[in-house]
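One letter stands for each residue in the lines below.
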Amino acid sequence: MRVADAVRRVVLVAYDDAQILDIACPSGALDAANRFGAAPPYAIGLATATGRGVLSSAGIGVGGGQRLADVPARPDTLMVVGGIGHERAAVDGELVRQVRRLATGARRVAAVCTGVFVLAAAGLVDQRRVTTHWRYGAELAARHPAVAVDPAPLYVRDGHVYTSAGVTSALDLTLALVEDDHGPALARAVARELVTYLHRPADQAQISMFLAAPPSGDRLVRDLLGYVSGHLADDLGPRALAARAGVSTRHLTRLFARHLGTTPARAVRAARTEGAAHLVRSSGLTLAAIARRCGFRSAETLRQAFLEHYGATGDTIRRMPDMPRARPRAERQTPGP
C-alpha cells in the first residue's frame, strides 16, 4: 500500500449476469475485516462499464455501481468478478480498456472464476500462471495460448496477479488477501465470523469437491474420504490414514472393508484416478503433470490406472463428451500406485 493512502481502495468490476457470490464473498469478507480492525481499512466499491448497477445471473440486482471511466487510477486492488456474463464482458471494448487502465496502477489485480477471461482480453495475464473454474480451463487455454492456465488449484498468485476458481473459492482468495495485508490473526477472525474454513490452501484441488467417493454411513470413513479427495498428492498410505484417524491400520482396513467393500489402498487409487480423469478433461496439462498432481509415480502408472479403472486411455478420456464410467470392480486388477 502507498504510504499516503488512508484506506486500501478495492474496486470490484462487475457486469450483467455476474455470479452474485463472486461479488458477495469478497465484499463481505473485506467488510468483516474492517469490523475486526483492519488498519488501514478497505474502501470497497463496485464499478461497471455504464455506472449502473448489474443484474446478476440469479436475477437479483446489485446497485451502487460507479462508471469505470470515472474510477480514479491507482486503486489498491482491482478485482474482476466472474459469472456467465463473462463472454460479453470480455468483448466489451470499453470495459476491457478501463480494466487495463486501472490495472496499470493497481498494487494488485485479481479475478474470481471466469473474470480471468476479462484480464486475458486486456492482455494482463500473458505469460502468467492463472486458474479459473475447472469447467472453463480448457476454453481459456485455447483462446489465450500465451496464458499458462492451471485449472487444478483453488487460487493462484503469480506476482501481483491473483486468480481463483469458481464461486466460493472467492472467499478463500479474499482471506488470502486479508492475510497478506494484515496477517493471519485478522484472517482467522474473519473466517470465524463468516463460519468458514481458514482457509483452504491455494493448491487444494478443485476436483476434491466433486470426486465420486463411495457413500459411507461411518463418519470416520466419510471424513477420511473427504481428506483424500482434497490431498491426492499427499502420503495417503494406510499408515498415514490410520494415524490421521487415530486408529490402527488393522482397524482402518476393517472399517473400509465393512463400509466400502474395498481396501484403503484401492479407495485411494480410485480417488486419484477419478481426479486425474477430471484434470485430463478440463486442462491442457501433460499426463506427467497430472500424474504428479494426483499422487501417481509416473505418467505410465497413471495410464495403467486409467485402463484398469475406465478401460480407456487418457487421450480417449479427453475426447469423451462426458466423464467415463468406472468399470465394475470385479473386472479390475489393481497394482500399487
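Quick caveat: nothing in here was measured; it's all calculated off a predicted structure.

Trainee: Explain the overall build of the chain to me, please; I cannot follow it from the model alone.
Mentor: Scanning the chain for helices and strands turns up 14 helices and 11 strands. Buried positions account for 49% of the 337 residues belonging to the chain. A separation threshold of at least 6 residues defines the contact pool for the chain, and within that pool the share at least 24 residues apart is 66%. Here the chain displays about 15,200 Å² of accessible surface, and carbon together with sulfur accounts for 52% of that area.

Trainee: Explain the packing of helix α8 (residues 219-230) against helix α9 (residues 238-245) here, please?
Mentor: Packed helix pairs are specified by the crossing angle of their axes together with the interaxial distance, meaning the distance between the axes. Closest axis-to-axis distance for the α8/α9 pair is 11 Å, and the angle between their directions is 120°. The orientation of α8 relative to α9 falls into the category oblique. Our pair here, α8 against α9, has a crossing hand that is right-handed. Between α8 and α9, the residues in contact are L220, L224, Y227 and V228 and L241, R244 and A245, respectively. Per-class residue counts for the contact of α8 with α9 are 6 nonpolar, no polar and 1 charged.

Trainee: Help me understand the nonpolar core in this model?
Mentor: Burial of nonpolar side chains together is a common tendency in soluble globular proteins. Residues V13, I23, L78, L95 and V99 are the most contacted members of the largest nonpolar core, which totals 62 residues. Take this core: its biggest share by element is 7 residues, from helix α6 (residues 169-182). Among all residues touching L78, those that are not within four sequence positions of it are V11, V13, V99, L102, A103, A106, R108, V109 and A110. Membership of the second largest hydrophobic core comes to 35 residues, among which are L224, A242, L252 and L287.

Trainee: Where do I start with the pairing of strand β2 (residues 42-48) in this structure?
Mentor: When a strand is regular, its side chains alternate between the sheet's two faces. With 6 bridges joining them, strand β1 (residues 8-13) and β2 adopt parallel strand pairing. Considered in β2, the bridge of V10 is made with I44. Across 2 bridges, β2 lies against strand β5 (residues 66-67) in parallel orientation. The residue bridging T48 from the neighbouring strand is R67, located in β5.

Trainee: Help me understand the pattern of salt bridges, please; the structure alone is not making it clear to me.
Mentor: The tally for this structure, following the rule as stated, stands at 19 salt bridges. D31 is the salt-bridge partner of R35, the closest N and O atoms lying 3.3 Å from each other. In this pair, R35 and D31 are both assigned in helix α1 (residues 20-35), 4 residues apart and thus about one turn of the helix distant. In this structure D31 comes out as partly exposed when scored by relative accessible area, which is 35%. Connected through shared salt-bridge partners, R8, D76, R107, R108 and D181 make up one network.

Trainee: Any chance you could explain the environment of L302 here in plain terms?
Mentor: Inspection of the secondary structure puts L302 in helix α13 (residues 299-310). Separated by 12 residues in sequence, L302 and I290 have C-alpha atoms that sit 8.6 Å apart. When residues no more than four places from it in sequence are discounted, the contact partners of L302 are A276, L287, I290, A291 and F296.

Trainee: Help me out: how do you make sense of the environment of V156 in this one?
Mentor: Inspection of the secondary structure puts V156 in strand β10 (residues 155-158). Separated by 25 residues in the primary sequence, V156 and T131 place their C-alpha atoms 6.2 Å from one another.

Trainee: In this structure, what is going on with the packing of aromatic side chains? I would like to understand it.
Mentor: Any two aromatic rings considered together are summarised by their centre-to-centre distance and by the angle between their planes. Following the criterion strictly, the structure yields 2 aromatic pairs and no others. A centroid spacing of 6.4 Å and a plane angle of 85° characterise the contact between F117 and Y136, whose relative ring orientation is edge-to-face. Of this pair, F117 sits in helix α4 (residues 116-121) while Y136 sits in the loop between β8 (129-130) and α5 (137-143), and the two are 19 residues apart along the sequence. F117 gets classed as buried once you look at its relative accessible area, which sits at 1%. Between the aromatic rings of F306 and Y310, the centroid separation amounts to 6.4 Å while the plane-to-plane angle is 40°, which identifies the pairing as tilted. Of this pair, F306 and Y310 both sit in helix α13, 4 residues apart, roughly one helical turn. Here F306 falls in the buried class, since its relative accessible area comes to 0%. The ring of Y227 is capped by R244, whose NZ or CZ atom sits 3.6 Å from the centre of that ring.

Trainee: Would you mind going over the sheet that holds β5 with me for this structure?
Mentor: Whether parallel or antiparallel, the strands of a sheet pair through hydrogen bonds between backbone atoms. With mixed pairing, the 7 strands of this open sheet are ordered in space as β5-β2-β1-β6-β7-β11-β10. The open sheet has two edge strands with one neighbour each: β5 and β10. Examined bridge by bridge, β1 and strand β6 (residues 77-80) share 4 bridges and lie parallel to one another. Each residue of the ladder has a partner; that of L12, found in β6, is M79. Each of β1, β6 and β7 (108-112) is contacted by helix α3 (residues 93-105), which is oriented at about 155° to β6, the strand it contacts most.

Rules used throughout
- Residue numbering note: each chain is counted from 1, following its sequence as written.
- Residues qualify for local features only when their pLDDT is at least 70, as the model is predicted, and side-chain atom pairs are given and counted only at 80 or more; totals for whole chains, interfaces and linings, by contrast, use all residues.
- For the side-chain quantities, the full set of heavy atoms in the structure was used; hydrogens and water were omitted.
- Helix and strand assignments follow DSSP, with helices taken as H or I runs no shorter than four residues and strands as E runs no shorter than two, numbered in order from the N terminus.
- Each residue gets one of three labels from its accessible area relative to the maximum for its type: buried under 20%, exposed over 50%, partly exposed in between, using a 1.4 Å probe on protein chains only.
- Any two residues whose heavy atoms approach within 4.5 Å at even a single point are treated as in contact.
- Residue-level accessible areas treat just the shown protein chains as cover; the underlying method is Shrake-Rupley with a 1.4 Å probe.
- Whenever a helix is involved, its axis is fitted only over the stretch in contact; in every case the axis is a line through C-alpha atoms, and angles between N-to-C directions fall within 0 to 180 degrees.
- We call two directions roughly parallel when the angle between them is under 35 degrees, roughly antiparallel when it is over 145, roughly perpendicular when it lies between 65 and 115, and oblique otherwise.
- With the far helix as reference, a near helix turned anticlockwise by less than a right angle produces a left-handed crossing, and one turned clockwise produces a right-handed crossing.
- Under the scheme applied, nonpolar residues are Ala, Val, Leu, Ile, Met, Phe, Trp, Tyr, Cys and Pro; charged residues are Asp, Glu, Lys and Arg; polar residues are all the others, including Gly.
- Only buried Ala, Val, Leu, Ile, Met, Phe, Trp, Tyr and Cys residues count toward a nonpolar core, and they belong to the same one when joined by side-chain atoms within 4.5 Å.
- Pairs of strands are assigned from DSSP output, requiring at least two bridges between the strands.
- Take a side-chain nitrogen of Lys or Arg and a carboxyl oxygen of Asp or Glu: if they are within 4 Å of each other, that pair is a salt bridge.
- Between 30 and 60 degrees the pair is tilted, below 30 it is stacked and above 60 it is edge-to-face, where a pair is any two Phe, Tyr or Trp rings, Trp via its six-membered ring, whose centres lie within 6.5 Å.
- The rule is short: NZ of Lys or CZ of Arg within 6 Å of the ring centre and within 35 degrees of the ring normal puts a charge over the ring.

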